[in-house]
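Read off the chains here:
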Amino acid sequence: QVQLVESGGGLVQPGGSLRLSCAASGSISSIDDMGWYRQAPGKPRELVAVITSGGSTNYAVSVKGRFTISRDNAKNTVYLQMNSLKPEDTAVYYCNADVWPMGHPTMYDYWGQGTRVTVSS
């Protein structure tokens, strides 16, 4: 059983910063890509940023230059540093990971439960 647990969401004023964390736990052999997605009210879920096991990153155009994704492979944890936040960044942020469970020959796609980020004055 593998779980992803996010933390770090909350209420922040425009221009402020937040750091999200997502820790994967359970019987894990290895993790390939880890990423962050978000879903605003009435909108589909969208990719925010993704990072490979080797550290290559990719960002949505809307967050490039403001958000930074990083990971600690030893801790099976991915982070999202969000700076210069805007009201349009308000959403529920979800962690995603491509996990190879221990003893399984197949990679599985796991999601966290989501953490809410609200950017408002």
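Quick notes on the rules
Residues numbered from 1 in each chain as written. Predicted model: local features only at pLDDT ≥ 70, side-chain atom pairs only at ≥ 80, totals over all residues. Heavy atoms only, no water. Phe/Tyr/Trp six-rings, centres within 6.5 Å; stacked < 30°, edge-to-face > 60°. Buried < 20%, exposed > 50% of the residue type's maximum accessible area, 1.4 Å probe, protein only. Lys NZ or Arg CZ within 6 Å of the ring centre and 35° of its normal. Core = buried A, V, L, I, M, F, W, Y, C linked by side-chain atoms within 4.5 Å. Helix = DSSP H or I, 4+ residues; strand = E, 2+ residues; numbered from the N terminus. Polar contact = N/O pair within 3.5 Å; in protein donor to acceptor, adjacent residues only side chain to side chain. Pairing = 2+ DSSP bridges. Axes fitted to C-alpha atoms, helices over the stretch in contact; angles between N-to-C directions.

Think of a pair of aromatic rings as described by two things: how far the centres are apart, and how the planes are tilted against each other in angle. Scanning the entire structure with this criterion turns up two aromatic pairs. Between tyrosine 108 and tyrosine 110, the ring centres sit 6.5 Å apart and the planes meet at 55°, which makes this aromatic pair tilted. With a relative accessible area of 36%, tyrosine 108 lands in the partly exposed category. Over the aromatic face of tyrosine 94 sits the side chain of arginine 45, whose NZ or CZ is 3.8 Å from the ring centroid. Note that arginine 45 overlies the ring of tryptophan 111, its terminal NZ or CZ placed 4.7 Å from the centroid.

Formed by 31 residues in total, the largest nonpolar core has its most connected members in Trp36, Leu80, Met82 and Tyr93. Of all elements in the fold, only strand 1 (2-7), strand 3 (18-26), strand 4 (28-39), strand 5 (46-51), strand 7 (67-72), strand 8 (77-82), strand 9 (91-101) and strand 11 (115-119) reach the threshold of two or more residues within this core. The element that contributes the greatest number of residues to this core is strand 9, accounting for five residues.

Here we come to the environment of glutamate 6. Within the secondary structure, glutamate 6 sits in strand 1. When its relative accessible area of 5% is taken as the criterion, glutamate 6 is described as buried. Residues glutamate 6 and glycine 112 lie 106 residues apart in sequence; the distance between their C-alpha atoms is 6.4 Å. Of the polar contacts made by the side chain of glutamate 6, one reaches the backbone nitrogen of cysteine 95; its length is 2.6 Å. At 3.0 Å, the side chain of glutamate 6 and the backbone nitrogen of glutamine 113 are in polar contact.

Attention now moves to unusual backbone geometry. We note that asparagine 76 has phi near 50°; this positive angle belongs to a residue other than glycine. Note on placement: asparagine 76 falls in the loop between strand 7 and strand 8. Positive phi, normally seen in glycine, also occurs at serine 84, with a value near 50°. Mapped onto the secondary structure, serine 84 falls in the loop between strand 8 and strand 9.

Reading across from one edge, 1-3-8-7 is the order of the four strands in this open sheet, with antiparallel pairing throughout. Every interior strand has two partners, whereas the edge strands, strand 1 and strand 7, have only one. This sheet shows a mean twist of 15° between the axes of neighbouring strands, independent of strand direction. Looking at chain direction, strand 3 and strand 8 are connected through six bridges and run antiparallel. Within strand 8, the residue paired with leucine 18 across the bridge is methionine 82.

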